[in-house]
Amino acid sequence: MINLAYKDIKHSFTKFIITAISVGILFGIVIIMIGVYRGMIFDAKELVKDIDAQLWIVQQDTLGPFAETSRIHEDLKDQISYQNGVKYAQAITFQNMQMQNSYGAFKVMLVGYDPLGKIQVINPNKIIAGRALKKEHYEIVVSQKTHYKLGEKIKLGRDYYTVVGITKNTVSSGGDYLMFVSLKDAQILQFTYSNERIRSDEARGIKGGNPHLVNAVIAKIKPGYNAKKVAREIENSTHKTVFTKNEQIKLLLERVIKKASKQIGMFTAILIMVSIVIIALIIYTMTLEKIKEISILKLIGVSNFVIVKMIIEETLILGILAFISGNIFAHLMADKFPKRVVLEANDAWSLFGVIIIASIFASFFGVYKVLKTDPSEAIGG
Amino acid sequence: MNDIAIKVENLVKKFGKGNNEVTVINGASFTLKKGEFAALVAPSGAGKTTLLMMIGCVLEPTSGKIEIGGEVVYENKRTIKDDRALRRKKLGFIFQAHYLIPFLNVEENISLLPYENGESEKVVKPRVKELLDYLGVGEKLKNMPSELSGGQNQRVAIARALANNPSIILADEPTAALDVNRSVSVVKLLRKIAKEKEVTIIMVTHDDRLLPYCDKVLTIVDKKIEVKEHLEKVII
């Protein structure tokens, strides 16, 4: 038996491949969009997952420190440490900053933590050069993507900080690069005003700011204790809001990135629909180009089944080739995006299923044309 | 009775409706026996192709009766379920242009219908080779139609029409695109096929020089068929 689809593709191979690659680029964009969506979710959870804490104690009635601003006193950490079930507690600050170096301007999240504390704020597996902070002043650990080098001095506020460690894949919930300084330095950077501001405040009767504020206290609990239960107990005794690690992650996903991820999800859905329409149009045009041959085949007695099979097979092959080239395109491009793009095999296979169903749907236009073609068109009669 | 390949009775074909109705064929009747080679002649627009397509079950007549190999295929309504299967099994078509499928090579163009009729590769392949040798293009088996001359393509088209061992070949101006010498050569070949393979052939033509090669000439006059027999034959 002769496979008409194979023969037709072979006959116009270059044209078919170029068409498949073009559609593939479109699918590649769909795959990247899904990857951007996954990346957002991944990034949102990353920092909370990296910080080795089970509880997040924040300002009362706020969803801090990421979804809302939270300011609490640093010494709350001592009170938390003595709570039943709490093993360690330490204070932490988060601050957005704009940086500029020879590679350009970029936004970072500056994380302040106690280098001598017992909770690991930097995931040690993510330190690719140097070390974590050891001193209480003038040391900084930076993300690899900031392009700062070990030993380099960075000016933040009034002081210079020496790069002692470089991390990989450390980002804030918004996908910004992370930089880590000691809690004391971070408090100076965040809560100490300039001389002019201090003078102005004094003129207004405002005396001295309080630099001993933090955005949250993080805590680890003792083995055998239930994190949720301990959290509720702390809430009752300290008049603060407490989130478990999972609650904090849920907050990030549902409050911080929900709209952005929905937006990307909708854009991806539209792109998939556009791709289906484009495949349908391509198949319809390919069918129109063969309409003379199709009417001849019908006239000499070739069954609809054979002709329809050719159209559907060509559509499926186009879809499969487009999927393969789309994946290659997506993997080549993913690393070039400024924010994380997570390409997951499950997403690719789901898209493959969608493409196959969409291709069959798209081929209906061509099949309809085949069924409607009058065999007498072959001889103009 | 078994000798009759085509029987057409009182065939009528009208196009359009109401004031726009046009009668193209009005009461055409004729009979062709197995192995007869008939020419169908008439001025342009007289309904030659329409008649051919009605016999080939491509166009549905308005009324009348058509029998193909003893089987009634139309009697005031279509009486067969699958016209395409009938064409696939009993009919062969040759057109003005070769109309070969451009993405299939010569062998594939010819073997397409036999394969669809369920014949095996073992049977089809030797037959295709034999047909091409018979038509003088045996060495072109693996060529694409675009690599052949007009005459060679027309021979391949004839081979395609013969590949399913049809009892009838309907040829719509098969020599229109060829020069005189090639036209005569093709018509001689069709006659040879008709006689040697007992295939009934109706050939639409405008070329009077080809008529002596035919057993009968069917002329459309006043929307009916006039049959002339025993023309002065050319010795082949």
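Residues numbered from 1 in each chain as written. Chains lettered and ligands numbered in written order. Predicted model: local features only at pLDDT ≥ 70, side-chain atom pairs only at ≥ 80, totals over all residues.

Student: Describe in detail the environment of I166 of chain A, supporting the description with residues and values.
Tutor: All names here are of chain A. By secondary structure assignment, the location of I166 is in strand β8 (residues 159-167). Accessibility expressed as a C-beta count within 10 Å gives 22 for I166, which makes it buried. Counting along the chain gives 23 residues from I166 to S143, while the straight-line C-alpha distance between them is 5.6 Å. Those residues within four positions of I166 in sequence are excluded, and the remaining contacts are I128, A129, G130, V142, Q144 and L150. (Helix = DSSP H or I, 4+ residues; strand = E, 2+ residues; numbered from the N terminus. Buried ≥ 20, exposed ≤ 12 C-beta atoms within 10 Å, placed from the backbone. Contact = placed C-beta atoms within 7 Å.)

Student: Quick rundown of the sheet that holds strand β5 (residues 71-75) of chain B? Include the residues and the values.
Tutor: Residue and element names in this part refer to chain B. With antiparallel pairing, the four strands of this open sheet are ordered in space as β2-β1-β4-β5. The open sheet terminates on both sides in strands that have one partner only, identified here as β2 (22-33) and β5. Taking each pair of neighbouring strands and ignoring which way they run, the sheet shows an average axis angle of 15°. In terms of strand pairing, strand β1 (residues 4-15) meets strand β4 (residues 63-68) through five bridges, oriented antiparallel. Across the sheet, E9 pairs through a bridge with K65, a residue of β4. Across the sheet, helix α1 (residues 48-55) is in contact with β1, β2 and β4; its angle to β1 comes to roughly 125°. (Pairing = 2+ DSSP bridges. Axes fitted to C-alpha atoms, helices over the stretch in contact; angles between N-to-C directions.)

Student: Could you give an account of the pairing of β4 of chain B, with specific residues and numbers?
Tutor: Residues and elements named next belong to chain B. Alternating positions in β4 separate cleanly, G64, I66 and I68 being buried on one face and S63, K65 and E67 remaining unburied on the opposite face. Two elements, β4 and β5, share four bridges in a ladder whose sense is antiparallel. Counted as the bridge partner of I68 is E71 from β5. Where β4 folds back on β5, the antiparallel hairpin that results is connected by two residues, among which G69 adopts a positive phi of roughly 55°.

Student: Break down the domain arrangement of chain A for me, with residues and values.
Tutor: Domain assignment breaks chain A into domain 1 (4-43 + 259-379) and domain 2 (60-239). The gap between the C-alpha centroids of domain 1 of chain A and domain 2 of chain A is 49 Å. (Domains from an automatic or database assignment.)

Student: Mind laying out the sheet that holds strand β10 (residues 224-229) of chain B, listing which residues take part and the relevant values?
Tutor: Residue and element names in this part refer to chain B. A sheet is described by the order of its strands in space; here six strands give the open sequence β6-β7-β8-β3-β9-β10, paired in mixed fashion. Only two strands of the sheet have a single partner each, and these edge strands are β6 (91-94) and β10. Within this sheet the neighbouring strands show an average axis-to-axis angle of 20°, counted without direction. Taken together, the four bridges between strand β3 (residues 37-41) and strand β8 (residues 200-204) define a ladder with parallel strand orientation. The residue of β8 that forms the bridge with A38 is I202. Of the strands in this sheet, β6 and β7 (168-172) are in contact with helix α5 (residues 150-162), which crosses β6 at around 165°. Taken strand by strand, helix α6 (residues 180-197) contacts β3, β7 and β8, and its axis lies near 155° from that of β8.

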